[in-house]
Amino acid sequence: MTDLELLTARASRVGSLPVARVLPSRPHRTVGAWCFADLMGPVELAAGAGVDVAPHPHCGLQTVTWLFAGEILHRDSLGSEQVIRPGQCNLMTAGHGVAHSEESVTRTGGPVHGIQLWAAQPSVTRGGDAAFEHHGELARVAMTGARGDAEATVFVGGFAGVASPARRDWESFGAEVAVRGAVDVPLVAAHEHLVVVIDGAVAVDGTAIAPGVHAYLAPGRDGATLQSADDARVLLLGGVPFPEPIEMWWNFVARSRQELGEAWRQWSDGAPRFPSVASPLPRTEVAPPPWL
Ligand code: MN
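Residues numbered from 1 in each chain as written. Predicted model: local features only at pLDDT ≥ 70, side-chain atom pairs only at ≥ 80, totals over all residues. Heavy atoms only, no water.

**Structural notes on the pattern of salt bridges**
Moving on, step 1. Evaluated as defined, the whole model comprises 16 salt bridges.
Moving on, step 2. Residues Asp149 and Arg180 are paired through a salt bridge, measuring 2.9 Å at the closest nitrogen-oxygen approach. Within this pair, whereas Asp149 is found in strand β14 (residues 148–156), its partner Arg180 is found in strand β17 (residues 172–186), the two being separated by 31 residues in sequence.
Moving on, step 3. On the basis of relative accessible area, Arg180 is assigned to the partly exposed category, the value being 45%.
Moving on, step 4. Several salt bridges converge on common partners, so that one network encompasses Asp3, Asp205 and Arg221. (Salt bridge = Lys/Arg side-chain N within 4 Å of Asp/Glu carboxyl O. Helix = DSSP H or I, 4+ residues; strand = E, 2+ residues; numbered from the N terminus. Buried < 20%, exposed > 50% of the residue type's maximum accessible area, 1.4 Å probe, protein only.)

**Regarding the layout of surface pockets**
Moving on, step 1. Each pocket or cavity is described by its volume, and for the largest pocket that value is around 620 Å³.
Moving on, step 2. Residue lining of the largest pocket: 27 residues in total, with Val14, Arg21, Phe36, Trp118 and Asn251 positioned closest to the centre.
Moving on, step 3. Looking at the lining of the largest pocket, the elements with two or more residues in it are β2 (10–14), β3 (17–23), β4 (34–45), β5 (53–58), β11 (110–120) and β23 (247–249).
Moving on, step 4. Broken down by class, the residue content of the lining of the largest pocket amounts to 13 nonpolar, 7 polar and 7 charged. (1 Å grid on protein atoms, 1.4 Å probe; cavity = no way out; pocket = protein on both sides within 12 Å on 5 of 7 lines; lining within 4 Å. Points joined across faces, edges and corners; volume = space filled by probe spheres on them. Nonpolar A, V, L, I, M, F, W, Y, C, P; charged D, E, K, R; others polar.)

**Focus on the sheet that holds strand β10 (residues 98–104)**
Moving on, step 1. Spatially, β5-β10-β7-β8 is the arrangement adopted by the 4 strands of the open sheet, whose pairing is antiparallel. The sheet is open, and its two borders are formed by β5 and β8 (81–84), each paired with just one other strand. Each neighbouring strand pair of the sheet contributes to a mean axis angle of 25°, computed without reference to strand direction. (Pairing = 2+ DSSP bridges. Axes fitted to C-alpha atoms, helices over the stretch in contact; angles between N-to-C directions.)

**Remarks on empty space enclosed by the protein**
To locate leftover empty space, one rolls a probe as large as a water molecule over the atoms.
Moving on, step 1. Counting across every chain of the model gives 1 cavity of 30 Å³ or more.
Moving on, step 2. Residue lining of the largest cavity: 13 residues in total, with Gln62, Ala119, Arg168, Asp169 and Trp170 positioned closest to the centre.
Moving on, step 3. Counting only elements with at least two residues in the lining of the largest cavity, the list comes to β6 (61–69) and β11.
Moving on, step 4. Across the lining of the largest cavity, the residue classes break down as 8 nonpolar, 2 polar and 3 charged.

**What about the nonpolar core?**
Moving on, step 1. Among the nonpolar cores identified, the biggest contains 35 residues, and Phe155, Leu194 and Leu235 are the most heavily contacted of them.
Moving on, step 2. For this core, the secondary structure elements donating two or more residues are β3, β4, β6, β9 (89–93), β11, β14, β18 (192–199) and β22 (223–239).
Moving on, step 3. In contact with Leu235, not counting residues within four places along its chain, are Trp66, Phe68, Ile115, Phe155, Ala175, Glu176, Leu194, Val195, Val196 and Ile198. (Core = buried A, V, L, I, M, F, W, Y, C linked by side-chain atoms within 4.5 Å. Contact = heavy atoms within 4.5 Å.)

**A short note on the sheet that holds β6**
Moving on, step 1. Pairing in this open sheet of 7 strands is antiparallel, and the strands run β2-β3-β4-β11-β6-β9-β12 from one edge to the other. Taken across any chain shown, the strands that pair with only one partner, and hence form the sheet edges, are β2 and β12 (131–135). Strand-to-strand, the axes of this sheet are offset by a mean angle of 20°, without reference to chain direction.

**Things to note about the pairing of strand β13 (residues 140–144)**
Moving on, step 1. Residues Val141 and Met143 line the buried face of β13, whereas the alternating positions Arg140, Ala142 and Thr144 sit on a face that is not buried.
Moving on, step 2. Looking at chain direction, β13 and β14 are connected through 5 bridges and run antiparallel. Pairing of Val141 across the sheet is with Ala152, part of β14.
Moving on, step 3. Between β13 and β14, which pair antiparallel one after the other, the connecting turn spans 3 residues.

Right under this line is the structure:
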């Protein structure tokens, strides 16, 4: 179908981790409110190595951490300290300002495989208070067809009739879907969607997509057929196209360069907008944005 576009992730690094940057992509900077998506790993950390994403600020967005393997310790400037494991969702709302770190729980090494997502906050909430939520148990839904089946875990929003308890400020959703054989999944016509392959090889409506490639589906569909030869796993992201033009730089989502520069200045000055994080790692400093 002509409404399916194949997009390629860009290789990057965050701290010591190799990541594949799925969003923003050139043709589609946002999908629903999702404005950033980094696939972390899969990597096997050596003994002594750690994730070590040092304290850094955010504003105007929510971070969602979702793991496929391993465990990560989240700390933030609200005083939260939370270990996250596969099947659990950490959701931090930055609002006007927050700072956080992501660290290894132990130094014994082991797998790191997951995704970090940012959802842009709409103007009605983006100046609000910071908040943090951990969801240890999430709704699952099974879909069975004549030629296969799938099971989805919904971490944000609603999908296939089940809903996550996590806060969301815009109509968007995220689900991990395990696929075996061919199965039709329901989509919402008002949503645009992104299918990101995590493990295995998957075809969407007969178009093969491999790890590192993802499929964008334009609004106007009420379903898609996912098909795998063996067990496969995808991440399904979607939502109503975000109507506000956003400006992103470093870890900030705003509406203008002036706002982005102000956020950088306040972080660099140690202003109360971005309180400190009780982390053993030193806070992250970056050079000013190029237009300052
Ligand atoms: Mn962050």
